[in-house]
Amino acid sequence: MDTLFNTSFESTPSPHTLPSVKLKAHTYELQESNVRLKLTICDTVGYGDQINKDDSFKAVVDYIDAQFENYLQEELKIKRSLVTCHDSRIHICLYFICPTGHGLKSLDLVCMKKLDSKVNIIPVIAKADTISKVELQRFKAKIIQELNANGVHIYQFPTDDETVAETNTSMNSHIPFAVVGSTEFIKVGNKLIRARQYPWGTVQVENETHCDFVKLREMLIRTNMEDMREKTHTRHYELYRQKRLEQMGFSDVDSDNKPISFQQTFEAKRSNHLAELQSKEEEVRQMFVQRVKEKEAELKESEKDLHAKFEKLKRDHAEEKRKLEESRKALEEDYLDFQRRKQQLATAHHTLTLGKSKKK
């Protein structure tokens, strides 16, 4: 990116030990002469570093969908500000391929297949100075053959405009671009150029006989930037928008396959929604009534049980009271009998004492 835009974005290297893929987006304001460019670079940190790579593409797909969703929500507002709002949709995906010379990895094919309907993909062979020119041509042909065999649709530069048709046709034949990047400058003649210096020689980044960097830069920045933005809007975003509106229940035709307006669809959707709400309200009311009845029956049963227990306790209490009363009466009778006997004994004793006194 530094080489492509001839600047320093001051990005920090990311570790290769992350447990999952994360996307880091940074927006920059670039200016060259009187041309201003608002550029957002999104880096897929940790992509392909995990042992299990099955879901490596998911974070990328989710991020792209999230940007489409943000634009759609802005588009659906009553007061829209599409001109002034920041369009964060991804317009181009530079998919870097390792220069192995043996074709694409399974991860590359799976990821590009998931992305080709959501973003413009340009495959790029990184570190192209590590492979010979003959091997590089074979590698390019192998990549294109594998992409076609697996039904992966990469971005093709447009050839319908006569002013760029010849150039774009030629550039399409160079895909995937084999590039070399460098932040170092060396002096060649009287000029400072970006290059990578090795013991066996120098690889000049902007020398078209050394790599395809200049071709990539021309196609991306100078020739086809607007076409990529337009294709993102008319193809990829439109496909996402269509699916989302269908998920929301909107359609261009009714059940009889007759054209239907957005307002009619909205009114029908609103009527269905109100009917569903009314149905749910009735269902909740019925459920509430049923639960109240069940609770009332339960309370009545509990009341009946309590009443039965109360009656039993009342009977037990009465029986206990009766027994106590009988015991009290028996005790009173015993007490009276005791008093009577005591009185008799006292009287007998007194009589006996008087008899003895008379004898004396």
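Rules used in this analysis
- Residues numbered from 1 in each chain as written.
- Predicted model: local features only at pLDDT ≥ 70, side-chain atom pairs only at ≥ 80, totals over all residues.
- Heavy atoms only, no water.
- Helix = DSSP H or I, 4+ residues; strand = E, 2+ residues; numbered from the N terminus.
- Buried < 20%, exposed > 50% of the residue type's maximum accessible area, 1.4 Å probe, protein only.
- Polar contact = N/O pair within 3.5 Å; in protein donor to acceptor, adjacent residues only side chain to side chain.
- Contact = heavy atoms within 4.5 Å.
- Core = buried A, V, L, I, M, F, W, Y, C linked by side-chain atoms within 4.5 Å.
- Arc of directions from axis to C-beta.
- UniProt positions renumbered as here; feature names shortened; annotations may be inferred.
- Pairing = 2+ DSSP bridges.
- Patch = residues over 30% accessible without salt bridge, like charges linked within 9 Å, V, L, I, M, F, W, Y side chains within 5 Å.
- Areas by Shrake-Rupley, 256 points an atom, 1.4 Å probe, with all protein chains shown as cover.
- Salt bridge = Lys/Arg side-chain N within 4 Å of Asp/Glu carboxyl O.

Brief notes about the side chain of Lys-140
Part 1: Secondary-structure assignment places Lys-140 in helix H3 (residues 133-149).
Part 2: According to the relative accessible area criterion, Lys-140 is buried, its value standing at 7%.
Part 3: Here the side chain of Lys-140 touches Asp-212 through a polar contact of 2.6 Å, side chain to side chain.
Part 4: Leaving out residues up to four positions away in the same chain, Lys-140 has contacts with Ile-125, His-174, Pro-176, Ala-178 and Asp-212.

Remarks on the nonpolar core
Part 1: In terms of nonpolar packing, the biggest core is built from 56 residues, with Leu-115, Ile-122, Leu-147, Phe-157, Phe-177 and Leu-216 touching the most fellow members.
Part 2: It is helix H1 (residues 56-75) that contributes the most residues to this core, eight residues altogether.
Part 3: The residues touching Phe-177, leaving out its near neighbours within four places in the chain, are Ile-122, Pro-123, Val-124, Ile-125, Phe-157, Met-171, Asp-212, Lys-215, Leu-216 and Met-219.

Observations concerning helix H4 (residues 162-172)
Each full turn of the α-helix corresponds to 3.6 residues, which orients residues three or four apart in the same direction.
Part 1: For H4, the set of buried residues is Ala-165, Asn-168, Met-171 and Asn-172. All buried residues of H4 project into a common sector of 140° when viewed along the axis, lining one side.
Part 2: On the buried face of H4, the contacting elements are strand S5 (177-178) and helix H5 (213-223).

Focus on the UniProt feature "domain: Septin-type G" (unreviewed entry) in the protein chain
Part 1: Residues annotated by UniProt as "domain: Septin-type G" (unreviewed entry) correspond here to residues 1-247.
Part 2: Along residues 1-247 one finds 37% helix and 20% strand; the C-alpha atoms at either end are 38 Å apart.

Quick word on the pairing of strand S1 (residues 22-32)
Part 1: Sheet topology note: the S1/strand S2 (residues 35-45) ladder contains eleven bridges and is antiparallel. Paired with Lys-22 across the strands is Val-45, a residue of S2.
Part 2: The hairpin formed by S1 and S2 contains two residues between the paired strands, and Ser-33 there has a positive phi angle of roughly 55°.

Remarks on a nonpolar patch on the surface
Part 1: Among the surface-exposed residues, Tyr-335, Leu-336 and Phe-338 lie close enough to one another that they form a single nonpolar patch of about 360 Å² accessible area.
Part 2: Of note, Tyr-335 is situated in helix H7 (residues 262-359).

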